[in-house]
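Here is what each chain is made of, one letter per residue.
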Amino acid sequence: MKKNKKCLGCGVVLQNDNILKIGYTPNLDNDYCMRCFKVKNYGEIETITGNREEYINILKNVSKTKDLVLYIVDILNIRENLDDIKEYLNNDIILVLNKRDVLPKSIKDEKIINYLMERYEFTDYIIVSSLNGYNLKELYKRILKYKKSNDVYLVGETNAGKSSLINKMIGSFSKGLPSLTTSSVPETTLNKIKIVINKNLNLIDTPGVVDEYNIIYHLNSKYYKELNTRREIKPKTYQLYKGQSLLIGDFFRLDYLEGDRNSFTLYIPNGISVKKVSLKNPSLKEFSYTEFTTKFHEDLVIYGLGFIKIVLNAKIGIYKNKDVKTFLRSNLI
Ligand SMILES: Nc1nc2c(ncn2[C@@H]2O[C@H](COP(=O)(O)OP(=O)(O)OP(=O)(O)O)[C@@H](O)[C@H]2O)c(=O)[nH]1
Ligand SMILES: [Mg+2]
């Protein structure tokens, strides 16, 4: 048995000493740790809380290589400071917006790309879906165009779909079989894993950078699957008068405080319930409260859930877990 043999699914070093620690497998001849074995066979996974410093260290090590980096971002969860990743990475970076399938087909990719190009500087920009393979041939072409060596790194937040994308690329551009563990639970991949796609290309998977202000860290695990939806979002539009409120699931509330009759369109997973109530309704007021004044055509982003497109200027109050990030941006779509 090779010493320090790594799990093919998540990259952790395998061990058979302690069932409570990561990397455990009853038999070191196995290729997968028990955690990955369970996901693959029963769809179960335990959450692991990683350490942000470890992820930053991985990024710094990637930076030393000068190799091409694919920065994988969930299209529904574009961070406000998307380019702060460049604090750690000096490489050429292609911004890869994944999960195109969750946004309505009618939206033009070009519009989103232009929006991002105006705000953030990357080597290139592309929209893909690792679920249905959308635009992967084009991604492959661009990888070949920009790569510095055979090694290309995938980085990005947990759950952005890095491992899923590599699995799909294996299916399309190599003779191998998808092997990486993927799941709706945060922090699935635990270590760097190099996948040889073909004689020109190795894709290197990395564990996700964790953003503790993502709503997924503050909701019951029953929501994990829904937050990682595989269905196209059907936007829900509400016409609100001031004095009306929206209750989103059992964890978020928006009060419309001041402004004319206004349109609020929610781009959030279809399975999350939304209810229109009066401002006087007491529900969810136990959460922490913040007010925002929105300008014409702005989105309120609820980080990890999606966003609410608001048409006219408005004064709104929101109730949410205090550690969930929300911010305003001009309309993405
Ligand atoms: N709808 C949709 N879901 C996707 C897509 N790609 C990945 N997912 C889902 O997103 C979740 C996370 O996918 P992973 O591939 O495990 O994400 P990751 O970036 O490797 O996550 P970590 O290993 O935790 O850093 C899973 O539930 C996937 O099924 C996509 O293109 N569309
Ligand atoms: Mg992964």
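Cut-offs and rules
Residues numbered from 1 in each chain as written. Chains lettered and ligands numbered in written order. Predicted model: local features only at pLDDT ≥ 70, side-chain atom pairs only at ≥ 80, totals over all residues. Helix = DSSP H or I, 4+ residues; strand = E, 2+ residues; numbered from the N terminus. Rg over C-alpha atoms; globule rule 2.2 N^0.38 Å. Buried ≥ 20, exposed ≤ 12 C-beta atoms within 10 Å, placed from the backbone. Contact = placed C-beta atoms within 7 Å. Near = placed C-beta within 6 Å. Nonpolar A, V, L, I, M, F, W, Y, C, P; charged D, E, K, R; others polar. Pairing = 2+ DSSP bridges. Axes fitted to C-alpha atoms, helices over the stretch in contact; angles between N-to-C directions. Core = buried A, V, L, I, M, F, W, Y, C linked by C-beta atoms within 7 Å. Domains from an automatic or database assignment. Expected span 1.5 Å × (residues − 1).

Asker: Would you explain the overall build of the chain in this entry?
Answerer: Scanning the chain from N- to C-terminus turns up six helices and 16 strands. Computed over C-alpha atoms, the radius of gyration of the chain comes to 21 Å, within 12% of the 20 Å expected from 2.2 N^0.38 for 333 residues, which places it in the range of a compact globule. Seen through its C-alpha atoms, the chain measures out along the principal axes to roughly 70 × 45 × 30 Å. A burial count over the chain gives 39% of its 333 residues as buried. The long-range share in the chain, meaning contacts at least 24 apart out of those at least 6 apart in sequence, stands at 69%.

Asker: Would you explain the site of ligand 1 in this entry?
Answerer: Residues in contact with ligand 1 amount to 26 residues; listed here are only the nearest, G161, S163, S164, T189 and G208. Here the shell around ligand 1 gets three residues from one element, more than from any other, and that element is helix α5 (residues 162-173). Looking at the shell around ligand 1 residue by residue, the class counts come to five nonpolar, 16 polar and five charged.

Asker: What is the right way to read the sheet that holds strand β5 (residues 193-198) from this model?
Answerer: Adjacent strands of a sheet pair through backbone hydrogen bonds, lying either parallel or antiparallel. Judged by pairing direction, the sheet is mixed, and its six strands sit side by side in the order β3-β2-β1-β4-β6-β5 without closing on themselves. A strand with exactly one partner marks an edge of an open sheet, and here the two such strands are β3 (124-127) and β5. This sheet shows a mean twist of 25 degrees between the axes of neighbouring strands, independent of strand direction. Looking at chain direction, strand β1 (residues 68-74) and strand β2 (residues 93-98) are connected through six bridges and run parallel. Each bridged residue has a counterpart across the sheet, and for D74 the counterpart in β2 is N98. The strands touched by helix α3 (residues 109-119) are β2 and β3; relative to β3, the strand with the most contacts, the crossing angle is about 150 degrees. Sheet strands in contact with helix α4 (residues 136-146) are β1, β2, β3, β4 (151-155) and β6 (201-205), and its direction is about 165 degrees off that of β3.

Asker: What is the right way to read the nonpolar core from this model?
Answerer: In globular proteins that are soluble, nonpolar side chains generally tend to be buried together. Core analysis: the largest hydrophobic core is formed by 68 residues, its most contacted members being Y71, V73, L95, V96 and L154. Per element, the largest residue contribution to this core is six residues, and it comes from β1. Both domains that meet at this core, namely domain 2 (48-211) and domain 3 (236-330), each give it at least three residues. Leaving out residues up to four positions away in the same chain, V96 has contacts with L70, Y71, I72, V73, I126, V128 and L139. The next biggest cluster of nonpolar side chains, apart from the first, holds nine residues, and it includes C7, V12, C33 and V39.

Asker: When you look at the sheet that holds strand β8 (residues 244-248) in this model, what are you seeing that I'm missing?
Answerer: Taken in spatial order, the five strands of this open sheet run β11-β8-β9-β15-β12, and their pairing is antiparallel. Looking at which strands have only one partner, the edges of the open sheet turn out to be β11 (274-278) and β12 (288-294). The sheet shows a mean angle of 25 degrees between the axes of neighbouring strands, direction not considered.

Asker: Which parts of the structure should I look at to understand the pairing of strand β9 (residues 252-258)?
Answerer: Each regular strand carries side chains that alternate between the two faces of the sheet. Counted residue by residue, β9 has five buried out of seven residues, so it is predominantly covered. In sequence, β8 turns back onto β9 through a hairpin of three residues, with G249 there showing a positive phi of about 50 degrees. When β9 meets strand β15 (residues 314-320), the two strands line up antiparallel, connected through five bridges. Bridge pairing links D255 to G317 in β15.

Asker: How should the domain arrangement of the chain be read in this particular structure?
Answerer: Note on interface size: it is often stated as the accessible area lost on association of the parts. By the assigned domains, the chain splits into domain 1 (1-46), domain 2 (48-211) and domain 3 (236-330). Here the C-alpha centre of domain 3 lies 30 Å away from the C-alpha centre of domain 2.

Asker: In this structure, what is going on with helix α2 (residues 52-65)? I would like to understand it.
Answerer: Residue pairs spaced three or four apart in an α-helix point in one direction, given the helix's 3.6 residues per turn. Between the first and last C-alpha of α2 there are 21 Å, a value that for 14 residues agrees with the 20 Å anticipated at 1.5 Å per step. After α2 finishes, the residue K66 shows a positive phi value of roughly 70 degrees.

Asker: What exactly am I supposed to notice about the pairing of β5 here?
Answerer: The sheet contact formed by β5 and β6 spans five bridges and is antiparallel. Each residue of the ladder has a partner; that of V196, found in β6, is N202.

Asker: Sorry if this is basic, but what is going on with unusual backbone geometry here?
Answerer: Residue K99 is not a glycine yet carries a positive backbone phi of 75 degrees. On the secondary structure map, K99 appears in the loop between β2 and α3. Residue K99 is classed as buried on the basis of its C-beta count, with 27 C-beta atoms lying within 10 Å. Positive phi, normally seen in glycine, also occurs at L284, with a value near 65 degrees. With respect to the helices and strands, the residue L284 is situated in the loop between β11 and β12.

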